[in-house]
Amino acid sequence: MFNYIIFVLALTGFWMGGYGGKDLTVFSPALGSDTLSKNSQNLVKKIYERRDSLKLCGGDTNAEIALNSSSVYSLDRGRYLVQFICFLGAYQGNYHYIFAADNNFKILSLDIIEGKKKTSTKEIVGLPTFNPKTKTLTVYNKYRGLGDCGSWAKYQWRGDGFQLLEYREKQKCDGKYIDPEKYPKLYP
């Protein structure tokens, strides 16, 4: 199981930042680090302790995974984006994104496309990648392990939340893999 977690973490390219105005630190299993910075751990622990009042993960949280594999990104002075992992499935995770500032936590909603309608969700399923330099988030959601169908979304950070820039989906699970960034575009 531990090797699987490391594999998933390596795929998503985690970056970790401090909490409380501390310097941004890098977390990457590929670089041989397997722990969050102490400040990041404290922030994730505070969120985990408030998981019920924040209504995180529908009550389905694996403590070890949440505390050891969640990500913290420094946005600017005293403001952080937390990628809180609820649990891992067979090939991807279930996440909440939390905006943290001054010990206040806001669960973020992200727009998705269901059918032909734009809606929002607070739980994200898939393989997310956040780029702290460009403040963009991409989420690849496999509809099955083979990865021949699914959705791909790209978001831009806008100060206190994400704006959907692009949404693509391949509904047909036909055994033919294509790059998710080349799935048929549903938005805009």
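Residues numbered from 1 in each chain as written. Predicted model: local features only at pLDDT ≥ 70, side-chain atom pairs only at ≥ 80, totals over all residues. Heavy atoms only, no water.

Student: Honestly, helix α2 (residues 38-49) in this entry has me stumped. Any pointers?
Tutor: Since one α-helical turn is 3.6 residues long, residues separated by three or four positions face the same way. The terminal C-alpha atoms of α2, which comprises 12 residues, lie 16 Å apart, in line with the 16 Å expected from a rise of 1.5 Å per residue. Among the residues making up α2, those that are buried are S40, L43, V44, I47 and Y48. Viewed along the axis of α2, the buried residues span an arc of 140°, placing them on a single side of the element. With respect to the buried face of α2, the exposed residues turned more than 90 degrees away are K38 and E49. Elements in contact with the buried residues of α2: α3 (51-54), α4 (63-69), β1 (71-76), β2 (79-88), β3 (93-101) and β4 (104-107). (Helix = DSSP H or I, 4+ residues; strand = E, 2+ residues; numbered from the N terminus. Expected span 1.5 Å × (residues − 1). Buried < 20%, exposed > 50% of the residue type's maximum accessible area, 1.4 Å probe, protein only. Arc of directions from axis to C-beta. Contact = heavy atoms within 4.5 Å.)

Student: Any chance you could explain unusual backbone geometry here in plain terms?
Tutor: Glycine aside, residues mostly have negative phi, and peptide bonds are mostly found in the trans state. The step from Y187 to P188 runs through a cis peptide bond, and the omega angle for that step is 0°. Among the structural elements, P188 can be located in the segment after β11 (185-187). In this model, K55 sits at a positive phi of 60°, which is unusual for a non-glycine residue. Turning to its location among the elements, K55 is positioned in the loop between α3 and α4. Accessibility expressed as a relative area gives 69% for K55, which makes it exposed. Phi angles above zero are rare outside glycine, and C57 is one such case at about 60°.

Student: Explanation requested: the state of the cysteines in the structure shown.
Tutor: Working definition of a disulfide: a covalent bond connecting the sulfur atoms of two cysteines. Using the criterion set out here, one finds 2 disulfides in the structure. A sulfur-sulfur separation of 1.9 Å characterises the disulfide bridge that pairs C57 with C86. Between C57 and C86, the disulfide has an S-S torsion of -75° and is therefore left-handed. With a gap of 29 residues between them, C57 in the loop between α3 and α4 and C86 in strand β2 connect regions that are remote in the sequence. (Disulfide = S-S within 2.5 Å.)

Student: Explain the pattern of salt bridges here, please?
Tutor: The full count for this structure, using the stated rule, is 6 salt bridges. Close ionic contact of K106 with D160 constitutes a salt bridge, the shortest N to O distance being 3.9 Å. With K106 in strand β4 and D160 in the loop between β9 (150-157) and β10 (162-170), the pair connects residues that are 54 residues apart, well separated along the chain. Since its relative accessible area comes to 39%, K106 is described here as partly exposed. With a shortest N-O distance of 2.4 Å, E166 and R168 are connected by a salt bridge. (Salt bridge = Lys/Arg side-chain N within 4 Å of Asp/Glu carboxyl O.)

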